[in-house]
Amino acid sequence: MPEREVSEEDLKNMSPDEIAELQKQNCIFCKIASKEIPAKIVHEDADTICVLDINPASEGHILVYPKKHYMIMPHMPDEILAKVFKNVKLMSHTLLKTLQCGGTTIFIANGVAAGQKAPHVLIHVFPRRENDGLVKLPQYEMSDEQIEKLKKELEPYTAQIFGRRKKIVKEAEFVEKKHEKTIEEKPEHHKHENSESKNREDDEKKRDVEDKDKTDDDKRDKNPVKKDSKNTKVDLDDIARLFG
Amino acid sequence: MACIICDNKFEKNILFENDNIIIMLAVEPSVNGHIQIFSKVHYTIMEQVPDEIISMITAAANKVSMVLFEILKVHGTNVIINNGVTAGQKIPHFCIDILPRRTDDNLKLDWTLKQAAPEALESIHKIIEEGMNTPSPQIIEEKKDIIEPRQEVKRKDGEDDAKPDEYQNEKKTNFYHQIFEKIP
């Protein structure tokens, strides 16, 4: 359906899902991924694509994004996220190597308030040079009480999602041992998810199941995980739909 | 190595930690609710971090974004990695910054859109594509290692005539050296 045939009135009558579908159809970045629109493709694999940005923040600005249409980063399932960031790392590495810049910045905006301009999640990777004035983070003074208050506010929720905090091990003890362990364990977990999950809903159910398995060790609360994913879903869509 | 994260100087800020990641309120916040996710093992820049750790950190970043949406009722989040001191990296320990954003917060992090000339894009595309096809130097762990392995390569190269081009490339692309030197 070409864009011009949809009038503003039609848009008002459409359900959010229909609008999302329309955005998907008219998404420039999906069209670049499917080669309908030409672009300078730097690297490509089955799920992700890396192209040069035509509105670069600095020379060599690359966009890395999933070929499938996701609006914001939290919509992306973990296995796609892992693939995207593998390429982000590769692109950052290539920029450092080829352009001899002093560093790179990886920038993601979720939502219009954060400066997102296209309804497709984009990971910006661009080279940085001295005094280029890009992405300047301001200083925000926080008193100890404010930190304490914020921590109290957030900690229950992070505990629900991630589990309880582990006790700190001293630097010398963890540096070598623990790192090796995690590499052995995690890839299997990912493969398992990869092979079985085909769409997001399945994915979420499985994650819930997996989470339940983990709760056996009494460290996690069972109910909050489920509740949370439902609540945040609504919020996420609100943020994504600001484009409409 | 003296690192404020490894030395655990900001324990009061920590929200969660496990064997792989540390989620904490930002050491030097830019906005209220600024959160940083660190790798537990010390890495200075992203190129050193194994893919598994990056995927754990980014997955956590997604969840943290959702917490911020839900709890602080923010309208959006920025996820930023400053890789290298030139890029504004303040702590010599790899981290992802998550900034909650509101429509009225007057923060300007994005850049003005300015279309690049097609020729400029063409030339940079060529450079990057060539770069993708040339071998990369090994990623250096610490400052000491920067000089020593390079000398070894030199010696090998004198004997082996088959790789002069590669060596020249490597000599030019000691870009990690440049980055590490700047880290405080």
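See the structure shown above.
Residues numbered from 1 in each chain as written. Chains lettered and ligands numbered in written order. Predicted model: local features only at pLDDT ≥ 70, side-chain atom pairs only at ≥ 80, totals over all residues. Heavy atoms only, no water.

1. Quick word on the nonpolar core
Turning to step 1, where the next piece is worked out: Ile62, Val64, Phe85, Val88 and Leu154 of chain A together with Ile23 and Ile37 of chain B are the most contacted members of the largest nonpolar core, which totals 59 residues.
Turning to step 2, where the next piece is worked out: The leading source of residues in this core is helix α1 (residues 51–71) of chain B, at 11 residues.
Turning to step 3, where the next piece is worked out: The contact partners of valine 88 of chain A, leaving out residues within four places of it in the chain, are Val64, Ile106, Ile123 and Val125 of chain A together with Met46 of chain B.
Turning to step 4, where the next piece is worked out: Ala109 of chain A together with Val31, Leu109 and Trp111 of chain B belong to the second-largest nonpolar core, a separate cluster that totals 14 residues. (Core = buried A, V, L, I, M, F, W, Y, C linked by side-chain atoms within 4.5 Å. Buried < 20%, exposed > 50% of the residue type's maximum accessible area, 1.4 Å probe, protein only. Helix = DSSP H or I, 4+ residues; strand = E, 2+ residues; numbered from the N terminus. Contact = heavy atoms within 4.5 Å.)

2. Topic: the interface of chain A and chain B
Think of interface size as the accessible area that goes away when the parts come together; that is how it is often given.
Turning to step 1, where the next piece is worked out: Taken together, the contacts link 97 residues of chain A with 96 residues of chain B.
Turning to step 2, where the next piece is worked out: Contact between chain A and chain B buries roughly 8800 Å² in total, counting both sides, with carbon and sulfur atoms accounting for 65%.
Turning to step 3, where the next piece is worked out: Applying the counting rule to chain A against chain B returns 3 salt bridges.
Turning to step 4, where the next piece is worked out: Where lysine 40 of chain A meets glutamate 122 of chain B, a salt bridge forms, and the shortest distance between an N and an O atom there is 3.2 Å.
Turning to step 5, where the next piece is worked out: Where chain A meets chain B, there are 27 residue pairs in polar contact (both at pLDDT 80 or more).
Turning to step 6, where the next piece is worked out: Secondary structure elements with two or more residues in the side of chain A that touches chain B: β1 (41–44), α4 (78–99), β4 (103–110), β5 (123–128), α5 (144–162), α6 (171–196) and α8 (223–240) of chain A.
Turning to step 7, where the next piece is worked out: Broken down by element, the residue count for the side of chain A that touches chain B peaks at 17 residues, all from α4 of chain A.
Turning to step 8, where the next piece is worked out: For the side of chain A that touches chain B, the per-class residue count stands at 48 nonpolar, 25 polar and 24 charged.
Turning to step 9, where the next piece is worked out: Where β4 of chain A meets strand β4 (residues 76–83) of chain B, 7 bridges bridge the pair, whose relative direction is antiparallel. Looking at β4 of chain B, one finds that threonine 104 of chain A is bridged to asparagine 83 of chain B. (Buried area = accessible area lost by both parts, 1.4 Å probe. Salt bridge = Lys/Arg side-chain N within 4 Å of Asp/Glu carboxyl O. Polar contact = N/O pair within 3.5 Å; in protein donor to acceptor, adjacent residues only side chain to side chain. Nonpolar A, V, L, I, M, F, W, Y, C, P; charged D, E, K, R; others polar. Pairing = 2+ DSSP bridges.)

3. A word on the pattern of salt bridges
All names here are of chain A.
Turning to step 1, where the next piece is worked out: Enumeration according to the criterion identifies 10 salt bridges over all chains in this entry.
Turning to step 2, where the next piece is worked out: For the salt bridge of glutamate 44 with lysine 35, the shortest nitrogen-to-oxygen distance reads 3.0 Å.
Turning to step 3, where the next piece is worked out: Exposure remark for glutamate 44: the relative accessible area of 31% places this residue in the partly exposed category.
Turning to step 4, where the next piece is worked out: With relative accessibility at 47%, the residue lysine 35 sits in the partly exposed group.
Turning to step 5, where the next piece is worked out: Within this structure, Lys35, Glu44 and Lys67 form a network of salt bridges that share partners.

4. With respect to unusual backbone geometry
Residues and elements named next belong to chain A.
Turning to step 1, where the next piece is worked out: Look at valine 135: it is not a glycine, yet its phi comes out positive at around 35°.
Turning to step 2, where the next piece is worked out: Note that valine 135 resides in the loop between β5 and α5.
Turning to step 3, where the next piece is worked out: A residue is classified by how much of its surface remains accessible, and valine 135, at 6% relative accessible area, is buried.

5. Overview of α4 of chain A
Residue and element names in this part refer to chain A.
Turning to step 1, where the next piece is worked out: If you check α4, its first and last C-alpha atoms are 31 Å apart, about what 22 residues at 1.5 Å a residue would give, namely 32 Å.
Turning to step 2, where the next piece is worked out: Within α4, 18 of the 22 residues are buried, which leaves it mostly tucked inside the rest of the structure.
Turning to step 3, where the next piece is worked out: Phi for glutamine 100, located one or two positions after α4, is positive at around 55°. (Expected span 1.5 Å × (residues − 1).)

6. A few points about helix α2 (residues 118–133) of chain B
Turning to step 1, where the next piece is worked out: Between its first and last C-alpha atoms α2 of chain B spans 23 Å; for 16 residues at 1.5 Å apiece the expected length is 22 Å, and the two agree.
Turning to step 2, where the next piece is worked out: Burial in α2 of chain B covers these residues: Leu121, Ile124, His125, Ile128 and Gly131 of chain B. Projected onto a plane normal to the axis of α2 of chain B, the buried residues spread over an arc of 130° and lie on a single side. Every exposed residue of α2 of chain B that faces more than 90 degrees away from the buried side is listed here: Glu119, Lys126, Glu130 and Asn133 of chain B.
Turning to step 3, where the next piece is worked out: Looking at the buried positions of α2 of chain B, the neighbouring elements they touch are β1, β2 (48–52), β3 (62–66) and α4 of chain A. (Arc of directions from axis to C-beta.)

7. Some remarks on the packing of aromatic side chains
By convention here, two paired aromatic rings are described through the distance between centres and the angle between planes.
Turning to step 1, where the next piece is worked out: Using the criterion set out here, one finds 4 aromatic pairs over all chains in the structure.
Turning to step 2, where the next piece is worked out: Centroid distance phenylalanine 29 of chain A to tyrosine 65 of chain A: 5.5 Å. Interplanar angle 80°. Geometry classified as edge-to-face. One end of the pair, phenylalanine 29 of chain A, is in helix α3 (residues 28–33); the other, tyrosine 65 of chain A, is in strand β3, with 36 residues separating them in the sequence.
Turning to step 3, where the next piece is worked out: Judged by its relative accessible area of 15%, phenylalanine 29 of chain A is buried.
Turning to step 4, where the next piece is worked out: We classify tyrosine 65 of chain A as buried; its relative accessible area is 0%.
Turning to step 5, where the next piece is worked out: Ring centres of phenylalanine 126 of chain A and tryptophan 111 of chain B lie 5.0 Å apart, and the angle between their planes is 70°; on these two criteria the pair is classed as edge-to-face. Remark: tryptophan 111 of chain B occurs in the loop between β5 (95–101) and α2 and phenylalanine 126 of chain A occurs in strand β5; the pair is interchain, linking two chains. With respect to class, phenylalanine 126 of chain A is no different from tryptophan 111 of chain B; both count as buried. (Phe/Tyr/Trp six-rings, centres within 6.5 Å; stacked < 30°, edge-to-face > 60°.)

8. Description of the side chain of threonine 58 of chain B
Turning to step 1, where the next piece is worked out: Tracing the sequence through the fold places threonine 58 of chain B in helix α1.
Turning to step 2, where the next piece is worked out: The residues touching threonine 58 of chain B, leaving out its near neighbours within four places in the chain, are Met73, Leu81 and Phe85 of chain A together with Ile96 of chain B.

9. Things to note about the sheet that holds β3 of chain A
Turning to step 1, where the next piece is worked out: Sheet architecture is open: 10 strands sit in the order β1(A)-β2(A)-β3(A)-β5(A)-β4(A)-β4(B)-β5(B)-β3(B)-β2(B)-β1(B), paired in antiparallel fashion. Each of the sheet's edge strands pairs with one partner strand only, and the pair in question is β1 of chain A together with β1 (14–17) of chain B. When the angles between neighbouring strand axes are averaged without regard to direction, this sheet yields 20°.
Turning to step 2, where the next piece is worked out: In terms of strand pairing, β4 of chain B meets β5 of chain B through 5 bridges, oriented antiparallel. Residue pairing across strands places threonine 77 of chain B opposite proline 100 of chain B, the latter belonging to β5 of chain B.
Turning to step 3, where the next piece is worked out: Across the sheet, α4 of chain A touches β1, β2, β3, β4 and β5 of chain A together with β4 of chain B, and the angle it forms with β5 of chain A is around 15°.
Turning to step 4, where the next piece is worked out: α1 of chain B rests against β4 of chain A together with β2 (21–25), β3 (35–39), β4 and β5 of chain B of the sheet, and its axis sits at about 160° to β3 of chain B. (Axes fitted to C-alpha atoms, helices over the stretch in contact; angles between N-to-C directions.)

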